[in-house]
Amino acid sequence: MVKVTLPDGTSKHFDRPVTVSEVAQAIGPGLAKVAVAGKVDGRPVDLYHVIDQDVGLTLITGQSEEGLEIIRHSTSHLMAQAVKELFPGAQVTIGPAVENGFYYDFDFERPFTIDDLNSIEQRMMEIVERDEPIARREMSRDEALVLFKDMGEHYKGEIINSIDASQTLSLYAQGDFVDLCRGPHVPRTGYLKAFKLLSVAGAYWRGNAANKQLQRIYGTAWADMKGLKAYLHLLEEAEKRDHRRLGKELDLFSLQESAGGGLVFWHPHGARVRQVIEHYWRETHIQAGYEFLYTPHMANLELWRTSGHVDFYRDSMFSPMHVDEQEYQIRPMNCPFHILIYQSRMHSHRDFPIRWAELGTVYRYEMSGALHGLFRVRGFTQDDAHIFCREEQIEDEITGILDLTLATLGTFGFKEYDIFLSTRPEKSVGSLAIWEKATQALINAIKKHHLDFVEDKGGGAFYGPKIDVKITDCLGRKWQCSTIQLDFNLPERFDITYIGEDGAKHRPIMIHRALMGSLERFFGILLEHYAGRFPLWLAPVQAVVLTITDAHHRWATVVRDRLRAAGLRAEVDLRNEKIGYKIREHTLKKIPWLLVVGDREQEHQAVSPRDAGGKDLGLTPLDTLIERLVLQVRERRV
RNA sequence: GCCGAUGUAGCUCAAUCAGGCAGAGCAACGGAUUUGUAAUCCGUAGGCUUGGGGUUCGAUUCCCCACAUCGGCACCA
């Protein structure tokens, strides 16, 4: 007698050992049809798994994340089988499920081409047609080693040798294809219905650049065609809101081949958005008690020796340049400069906290393959600040920074955060006591905001603990922008001090922090988040006045001037074109407000506004509209 | 940096496979049209085919190098 308890608390009784699949069948044929695997007492198993004692069982279907992961993993095996059938010389390595899909790495004598991808996909479908069973088999290490060696699969042997000896090895076979795998898998290839191969790329064996580069094929897989289609649609949507594409379409910025990679050119409209962001930044920082600095973009290399960057940051710095008999370094960071200003005079404990902010442009050497639009560049501007304070002030300062961070991110429309706290790594500077005290201060500050956080134990930099804040954009993607970093190292290296109440010299605490991180990157994130449709307060052009005929030029120009006088960014389109043409053009440019002006409007000192949603609001007095827009801008409505 | 792909007019793309005067749409410019909520018509101009080298009678096309971009990997205090 076998008793199987289901998640809802009910149980099924069988008078003989049963497979997971049979239990599913007993619950209902509908469930049996969609189940891809099961979980016996929390352990994932195949549908073929035999239950011979009392257990708890959960059936996994393609509807759940777990089920999808199994489908994706099985699809990666399906792909490997297809590759082996088509290219017997290819060696298989690893092929896991990843977010939204899977990949499999192969060692093959030549790179796979797009045509190969097509034929592999074709062959995958054939194997699905064959509906081959996928069978699990357990095996001893030695047997498995011999088996894979005979098959010429050397990477598998390497994997087996790296697996803990106490573990039983399981193999999955479908047709002639055998793979070392923990499983579980769907029971037959016929279960895999919705997949598509997406791309091929090089990837290092075991993720190590010193190892051989393999051929990685990426694909996506879903429980059904509906899921696949929805995902492919999402990919298209993401492509449409790609900031590189929008940057060009909306004429916001460019990267210039003749200037070199990773260097950003802000065009007038992009620059306007940036100015609005910077203006907001200045305003909030004044309110938060910051003062502003401007410092140079380069300095004597000796400074970077003192700071230690030459030792531990060299790989990210551009080569120094020779000036007179000296070497100069373009700056990868702003902090040493702020320290120099600190050092320019004596400081008392009464000066603290000192909060110095700078929109500091820095240049970092990024490897050519790492460059990516505005997200990864070689020159960028940080909304940087450094706080000098005493130990007792850390908690208040961090609290204040978190206030400012959340207010800033929220204003730009990001309301979902993930907070990470990184603590002391093995190799670190500063006393254990200060680390402990500071870390606790960070935790307290986070708790004051009633926020959850993930602790990355030992994940901090050697010179201090830190808090990172990740935001989630409207496509659910996460971006790290804000970082608050304590530094016990630089004050030491530069030997900066303050005079305490006791009249003696003490070492101040230094906090680095950036809220948006890099303005370039943040702008790119905003652009994708809003798909180029900036909220009114950020939009480079907030309204365009459109005339019906030449007869309305005068009133249209007055309207534009009145809008401008009210502080709005307005343009006028006097071209001799049909109104539909003008509407289309400015709609494509994602202008939030289009103000149509014809006889009626001119007569009534009015406009006919069309909002960002394409809605025609009808004849509206100009004053009413201006009031409305000004309010929206003032509130920074998103 | 590594693997692969790509680079043609301001933009989006043809022509490249198989070497033989480089094309289209949009944008720009000129003209006509004076128009009411997502494209009015006609015309004109626009190119060192990313840069450098090579093969060839002849190179956008084939080969080599560089640069940039794209997809990944690695990197990313």
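Being a predicted model, the structure only gives us computed values, none of them experimental. (Residues numbered from 1 in each chain as written. Chains lettered and ligands numbered in written order. Predicted model: local features only at pLDDT ≥ 70, side-chain atom pairs only at ≥ 80, totals over all residues. Heavy atoms only, no water.)

### Here's the deal with the overall build of chain A
Then, number 1: Summing up its helical and strand segments, chain A has 20 helices and 35 strands in all.
Then, number 2: Across the 638 residues in chain A, those meeting the buried criterion constitute 50%.
Then, number 3: Counted over contacts in chain A with a minimum sequence separation of 6, partners at least 24 positions apart contribute 68%.
Then, number 4: Of the roughly 30,800 Å² of accessible surface on chain A, a fraction of 50% belongs to carbon and sulfur atoms. (Helix = DSSP H or I, 4+ residues; strand = E, 2+ residues; numbered from the N terminus. Buried < 20%, exposed > 50% of the residue type's maximum accessible area, 1.4 Å probe, protein only. Contact = heavy atoms within 4.5 Å. Areas by Shrake-Rupley, 256 points an atom, 1.4 Å probe, with all protein chains shown as cover.)

### With respect to helix α7 (residues 225–240)
Then, number 1: Taking 1.5 Å per residue, 16 residues should reach 22 Å; α7 reaches 22 Å between its end C-alpha atoms and fits that length.
Then, number 2: Turning to α7, its buried residues number three or more, namely G227, L228 and Y231. For α7, the angular spread of buried residues about the axis comes to 100°, placing them on one side. Within α7, the exposed residues directed more than 90 degrees away from the buried face are K226 and K229.
Then, number 3: Buried positions along α7 lie against β14 (194–204) and β15 (213–222). (Expected span 1.5 Å × (residues − 1). Arc of directions from axis to C-beta.)

### Looking at the protein's contact with RNA strand B
Then, number 1: Neighbouring RNA strand B are 53 residues, the closest being Q213, F312, N576, R584 and E601.
Then, number 2: Of all atoms in RNA strand B that approach within 4 Å of the protein, 47% are sugar or phosphate atoms.
Then, number 3: A distance of 2.7 Å separates a base nitrogen of RNA strand B from a polar side-chain atom of Y204.
Then, number 4: D599 has a polar backbone atom sitting 2.8 Å from a base oxygen of RNA strand B.
Then, number 5: Of all elements in the fold, only β14, β15, α8 (243–249), α11 (309–312), α18 (579–588), α19 (599–603) and β34 (606–610) reach the threshold of two or more residues within the surface near RNA strand B.
Then, number 6: Per-element tally for the surface near RNA strand B: the top contributor is α18, with 7 residues.
Then, number 7: Residue composition of the surface near RNA strand B, grouped by class: 20 nonpolar, 18 polar and 15 charged. (Near = heavy atom within 4 Å. Polar contact = N/O pair within 3.5 Å; in protein donor to acceptor, adjacent residues only side chain to side chain. Nonpolar A, V, L, I, M, F, W, Y, C, P; charged D, E, K, R; others polar.)

### Structural notes on the domain arrangement of chain A
Then, number 1: Partitioning chain A into structural domains gives domain 1 (2–61), domain 2 (66–238), domain 3 (280–295 + 334–528) and domain 4 (543–634).
Then, number 2: Distance from the C-alpha centre of domain 2 to the C-alpha centre of domain 3: 43 Å. (Domains from an automatic or database assignment.)

### Notes on the packing of aromatic side chains
Then, number 1: In this structure the tally under the stated criterion is 26 aromatic pairs.
Then, number 2: Taking 5.5 Å as the distance between ring centres and 85° as the angle between the ring planes, the aromatic pair formed by Y280 and F412 counts as edge-to-face. One end of the pair, Y280, is in helix α9 (residues 268–287); the other, F412, is in the loop between α13 (394–411) and β24 (417–422), and 132 residues separate them in sequence. Summarising the burial analysis for this pair, Y280 and F412 share the class buried.
Then, number 3: Note on F412 and F522: the rings are 5.1 Å apart at their centroids and 80° apart in plane angle, and the pair reads as edge-to-face. Note that F412 is positioned in the loop between α13 and β24 and F522 in helix α16 (residues 519–529), a separation of 110 residues in sequence.
Then, number 4: Residue classification places F412 among the buried positions, given a relative accessible area of 0%.
Then, number 5: Of the residues examined, F522 reaches a relative accessible area of 0% and is grouped as buried.
Then, number 6: Grouping aromatic residues by their ring pairs yields a cluster made of F87, Y104, F106, F108 and F112.
Then, number 7: For the cation-ring pair, R72 lies above W222, with the distance from its terminal atom to the ring centre recorded as 4.4 Å.
Then, number 8: A cation over an aromatic ring shows up here: R216 above the ring of Y103, its NZ or CZ 3.7 Å from the ring centre. (Phe/Tyr/Trp six-rings, centres within 6.5 Å; stacked < 30°, edge-to-face > 60°. Lys NZ or Arg CZ within 6 Å of the ring centre and 35° of its normal.)

### Focus on the packing of helix α5 (residues 141–151) against helix α6 (residues 154–162)
Relative orientation and spacing of two packed helices are given, respectively, by the angle between their axes and the distance between those axes.
Then, number 1: Interhelical geometry of α5 versus α6 gives an angle of 165° and a closest axis separation of 8 Å. Accordingly, the angle class assigned to the pair α5 and α6 is roughly antiparallel. Relative to α6, the crossing made by α5 is left-handed. Across the interface between the two elements, R141, A144, L145 and F148 from α5 touch K156, G157, I160 and N161 from α6.
Then, number 2: Class assignment of the residues belonging to the contact of α5 with α6 gives a composition of 4 nonpolar, 2 polar and 2 charged. (Axes fitted to C-alpha atoms, helices over the stretch in contact; angles between N-to-C directions. Parallel < 35°, antiparallel > 145°, perpendicular 65-115°, else oblique. Left-handed = near helix turned anticlockwise from the far one by under 90°.)

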